[in-house]
Amino acid sequence: MNYFALLAINGLVIGLIYALTAAGLTLVFSVLRVVNFGHGALYMAGGYASYYAIGLLGLPPLAGVLAAMIALFAFGVLFERLVIQPMYGNEVERKDEYAIIVTFGLTILLSNLAIVVFGPFSKSPPPFLSGTLVIGSMILPFDRLIAALVAVVLLVGLMWFLARTALGQALDAVSQSRESAAVIGINPRRMYTIAFGLGSALAGGAGALIAPIFALSPSMGELPAVQAFIIIVIGGMGSIGGSIVGGILLGLVQGFGVGYLPDPNRALAYTQAFGALLLIVTLLFRPTGLFGRPHQRLE
Amino acid sequence: MAMPSRVSASVAVQGILLLLALLVPLASGPYWIHVGAIAWYYALLVASWTLLAGFAGQFSFAHMAFAALGGYASSLLVLHLGVTYLPLAMVAGIVLAMVVGAMMGFLVLRLSGPYLALFTLAISEVFRLILIAEEQVTRGSLGLQVPRLFHGGSDVPYYYLGLGLVIAALLLMTLLLRTRVGLFLRAIREDEGAARASGVNTTRYKLLVFVVTSGLAATAGIYYAHFIGILTPNMLILPEMGLVIAMAVIGGIESLPGAVIGAVIVFLLSETLREYGEWRFVLLGLALILVQRFARNGLFPLIERIGRGRRQTQAASARPVAPIAPAAERTHAN
Amino acid sequence: MQTESRVPFFAAAGLAKHFGGIVAVADMSLHLHRGEIIGLIGPNGSGKTTTINMIAGALGPDAGSIAIDGIDMTRSPAHAFAHRGVARTFQVSRLFRRMTVMENLIVPALSNAATRRAAAEARARDVLAFLRLEHLAHEYARLLSGGQQKLLELGRALMLEPMLVLLDEPFAGVHPRLLGEIIEHIRKLNRDGLTIVIVDHNLDAIRSVVQRTVVMANGRKIADGAVEDVLRDPAVIHAYTGSRKALRG
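This one's a predicted model, so the numbers in the text were calculated from it and none came from an experiment. (Residues numbered from 1 in each chain as written. Chains lettered and ligands numbered in written order. Predicted model: local features only at pLDDT ≥ 70, side-chain atom pairs only at ≥ 80, totals over all residues.)

Asker: What should I look at first to understand the interface of chain C and chain B in this one?
Answerer: You'll often see interface size given as the accessible area lost when the parts meet. Contact residues are listed per partner, giving 31 residues for chain C and 21 residues for chain B. Of all the secondary structure elements, the ones that give two or more residues to the side of chain C that touches chain B are α2 (78–83), α3 (101–110) and α5 (146–158) of chain C. The element that contributes the greatest number of residues to the side of chain C that touches chain B is α3(C), accounting for five residues. Across the side of chain C that touches chain B, the residue classes tally to 16 nonpolar, eight polar and seven charged. (Contact = placed C-beta atoms within 7 Å. Helix = DSSP H or I, 4+ residues; strand = E, 2+ residues; numbered from the N terminus. Nonpolar A, V, L, I, M, F, W, Y, C, P; charged D, E, K, R; others polar.)

Asker: What's the story with the nonpolar core in this structure? I'm lost.
Answerer: Among soluble globular proteins, nonpolar side chains are generally buried collectively. All names here are of chain B. Of all hydrophobic cores here, the largest spans 287 residues; its most connected members are V46 and A47. Element by element, the count of residues in this core is highest for helix α2 (residues 30–55), at 17 residues. In this structure V46 touches V244, M247, A248, G251, A259, V260, G262 and A263, once residues within four positions along its chain are discounted. (Core = buried A, V, L, I, M, F, W, Y, C linked by C-beta atoms within 7 Å. Buried ≥ 20, exposed ≤ 12 C-beta atoms within 10 Å, placed from the backbone.)

Asker: Would you explain the packing of helix α3 (residues 63–79) of chain B against helix α4 (residues 86–107) of chain B in this entry?
Answerer: For any two helices packed against each other, the geometry is given by the interaxial angle and the distance between the axes. Residue and element names in this part refer to chain B. In contact at an axis separation of 8 Å, α3 and α4 are set at 140° when each is read in the N-to-C sense. When the axes of α3 and α4 are compared, the pair comes out oblique. Both α3 and α4 take part in a crossing whose hand is right-handed. For the pair α3 and α4, the contacting residues are F66, L69, G70, A73, S74, L77 and V78 in the first and L86, A89, M90, A92, G93, I94, L96, A97, V100 and G101 in the second. (Axes fitted to C-alpha atoms, helices over the stretch in contact; angles between N-to-C directions. Parallel < 35°, antiparallel > 145°, perpendicular 65-115°, else oblique. Left-handed = near helix turned anticlockwise from the far one by under 90°.)

Asker: It is not clear to me how the pairing of strand β1 (residues 132–135) of chain A should be interpreted in this structure. Could you clarify?
Answerer: Note on strand geometry: in a regular strand, side chains alternate between the two faces of the sheet. All names here are of chain A. Here β1 pairs with strand β2 (residues 138–141) via four bridges, running antiparallel. Directly across from L133, in β2, lies its bridge partner L140. Joining the antiparallel neighbours β1 and β2 is a turn of two residues, in which G136 adopts a positive phi near 60°. (Pairing = 2+ DSSP bridges.)

Asker: Would you mind showing me how to read the interface of chain A and chain B here?
Answerer: Counting residues at the interface gives 40 residues for chain A, matched by 36 residues for chain B. Of all elements in the fold, only α4 (95–118), α9 (222–235) and α11 (264–285) of chain A reach the threshold of two or more residues within the side of chain A that touches chain B. A total of 16 residues in the side of chain A that touches chain B trace back to one element, the largest contributor, which is α4(A). Here the side of chain A that touches chain B is composed, by residue class, of 29 nonpolar, six polar and five charged.

Asker: It is not clear to me how unusual backbone geometry should be interpreted in this structure. Could you clarify?
Answerer: Residue and element names in this part refer to chain C. The phi dihedral of E169 falls on the positive side, at around 55°, and the residue is not glycine. For E169, the location among the structural elements is in the loop between β7 (164–168) and α6 (176–191). A positive phi angle, near 50°, is found at N218, a position not held by glycine. Topologically, N218 is positioned in the loop between β9 (212–217) and β10 (220–225). Judged by the 15 C-beta atoms lying within 10 Å of it, N218 is partly exposed.

Structure representation (C-alpha cells):
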C-alpha cells in the first residue's frame, strides 16, 4: 500500500511539472496558434539559468527558479520579436510551416549551444531544502515536495492571472478571437509577445524546478517536450485546465508503469509510448481533446 | 510555362553538379567516399520529404520512421525469417513501408498543420519505443547487425548505388510533379477545401503522396542498413528528423534538386567541421532560423532568382517583378 | 432568362446542420430549375453559407437529402458534386495563391481524367478572355488585386463547365465599377444556360439580376418568390430588423 502511495506521490510530482511545462506550451498555442517545437530547449535553458544564477550570483535555490523565469521571459520576448513576428504579415503564406521550422531551429540551436557552453555531462544544482519527509515507511525528499508545491502555486497563479487580471483577460480574448480583441482595443501583436514570453518563462521555471531532482543536462528537455506535446493534445490545445489534468494523468501513468511493470526496459519504453498512443487516439476520435476549443487556423 | 533561359541555367548547374558527383570517388580517399555514400542516404530522405511537405503540404514527422521500418523489415526478413535472397527482402521492406504509409495517410486525412506534425511525431515515437522495447527481436539500442549488400573493403559501390538511387528518385518525383498529379498536390497544399471544390479527389492524392514518399524513405533506410551494416533506434530520434527538415529548408523546400543539394552541402559541412564538435549544429540551428526568416524557399531557389534577376535587367522582354495590380487596375478602367 | 423545364434538376429537401449545440440550419429546402438565377438572402447567422456548403457537398447534412437530376448526392464528397456540374465560389477568395492564374484555372479542368492538358489550357484561355484577364495568365494568384482575385475565383468555377454555380457573396467589398462588370458576367452566363444561386447582402445588386429570391432566417426558409414581393413580406422585415421588443425599446 505504501509502495502504491509512494509511486502515486512521485507520479504526481512529475505530473505537476509536466503540467507546468504543458501550460506554457498551451498558452503559446492558444494565443499565437503556434506549437513551439523549441519548448523543450527553453525548459532546459531554464534549468541552466537557475543553476548559474545560484552559482554566480549567490542566490538561494528557490530564487534561482524566479531568476530563470525572468531570464526566459526576456529571451522569449526577444525571440518572438525577432523571429516569429515577421510571420504575421502578408509575406509569409504558410504560417504553420514557418512556425514549426523556426521553433525547431531554436531547439537545434539551443540544445547544441548548451552542449558546447555547458558541456555534455550532467550537473547537479543545490537542493531547495535538504532532507526528507518520512511518513510511515515512505521517504519523500523535500525537494520533490517543494517542486510540486511551487508548480501548484504557479499553475493556480496562472489561472488566476488569466481569469482576473486585465492583461490575462486580454490574452484570453486574443486566444478566442484576435479580430474581436482588436476591435475592443487590444493590440494582438503585443499579446503574442507577452504570451510567448510567459510560455517560455513557465517552461524555464519547470526546468529550474526539476533540476535539483533529476539533474541538468543539455538533452533534459527532449522527453518533457514530447510529453508536453502529448498533454496539450489530450487536454485540449488552448486549455490550461486540460494541461493540468493531462499532465497529472501522464505523470501518474509513468509513475505506476515504471513501478509495477516487471521488465524495466519494456516498462520505461511502453509507459512513454502510452502517452504517444493517447495522443494518436485523441486526434483520431476527439481532436479537441478533453477540454479544448475547436482549432482555428492561424490567418 | 517556364522561361527557357531560367530552365537551362538551372539544368546546366545541376548537370555540372552531377558530373562532379560522378567523379568524386576518382579523386578522393576512402573517408570522403564513405561520407559521400552517407550523404546520399540523407539526400534521398530530404528529397522525398520535400515532395511530401514542400509540394503536397503534409508536414510529416514520421519520415524517419519509414526509413527505419524499411531498414528493420528488410534486415529482420533476412535474419529471422530466413529470406536468403537480399533483393527480395529489400523489395518486401519497401512494399511494407508503402502499405503502412497508406494506412498512416488514411489516418491523417483530416489533420493538417501542427496537428499533423504532432500526430506523425507520436507515431514515430511509438515505433521508436517499440524498437527499443522489443530487443529480443530488434536488439534494441545495442544495434542490429545487418548483412551488407556488397562485400570487399571499398565503399565505392555503395557510393554509386546511393547516387543512382538519388537520381532515380529525383527523376520519378520530377516526372510525377510534371503531370496533373503535381498540380493537384500543390493545390492541396495551397487550399485543400478549394481543391475539393475544384473537383480534385484530395483523399486519393494525399494517399498517393504518402505511399510514394514512404516507399522512398524506406528505400533510403534499406540502403543505409545494408551499407553501414548496423541499425539502431537512433535513426528515429527527433534530432534526426530535425536534421532532415533543416536540410530541406536550407536547400529549398519547394525544389527537389535544391533539397538534394541542401542535404549534401549540410552533411558535407557537418563532416568538414567535425573537429568543432557541436558548434556545427549550433550553426545549423542558426542557419535554419535565418534561412526561414530571410529566404523562405531555401537558398537554391534564392540563388536561382538572383541569377535570373541579373539576366532580366539585361533582357529586352523582361517580365515585371513589381506588383502587377496597379497596372491591371488601369486596364480595367477602360 | 426563361426556365427551361418544370421539373427541378436540383432538389435539396429538409436540410439540417448543427455544430455542437448551435443549430445553423434547421430545415431548408431548395429546388432549382435549369436556367434560373436565384438570390439567397437573410440576416447574418441565418444559415446561408452553411446551406451553400451543404448543397456544394462541402458539408454533409445531418438530415435531409440532395438530388441532382434524380441522383442522390446527399453523402457524396465535394469533388463528386464538382464532377456532377456544381461549382462554387467562396466568400473570401480561396485561390491557389502560390500557383499561377493559368494553373489555378486548369486544375478543375484536369480533375476530369478525360481532359487533356492542351484542351484544359485552351478552355482556360477562353475563360480568361471572357473575364478580360488574359494578360495575367502567368502571374501568381497572390499578386492579383482583390477584384482580379474575385474574377479568377469565378473563372476557376467556370472551368468545371458547370450547370449550376453557387456564388458566395460575389459582390462583397467590390469596387462599384467592377460590380457592374461582375453583374454583366453573371447575366451573360445565365443567358448561356447556366443556373446560378447568389448569396449576398447587397440587395440592389441581387435585385438587378435575379428572378426569384429565397430568404432565410434562423436556419429556415421564410420566404420564396419574386424579389419585390419578398422584400415587402412582414416576416422578412421582422427577420432583418429584429424582434418587436427591441423596436419598442
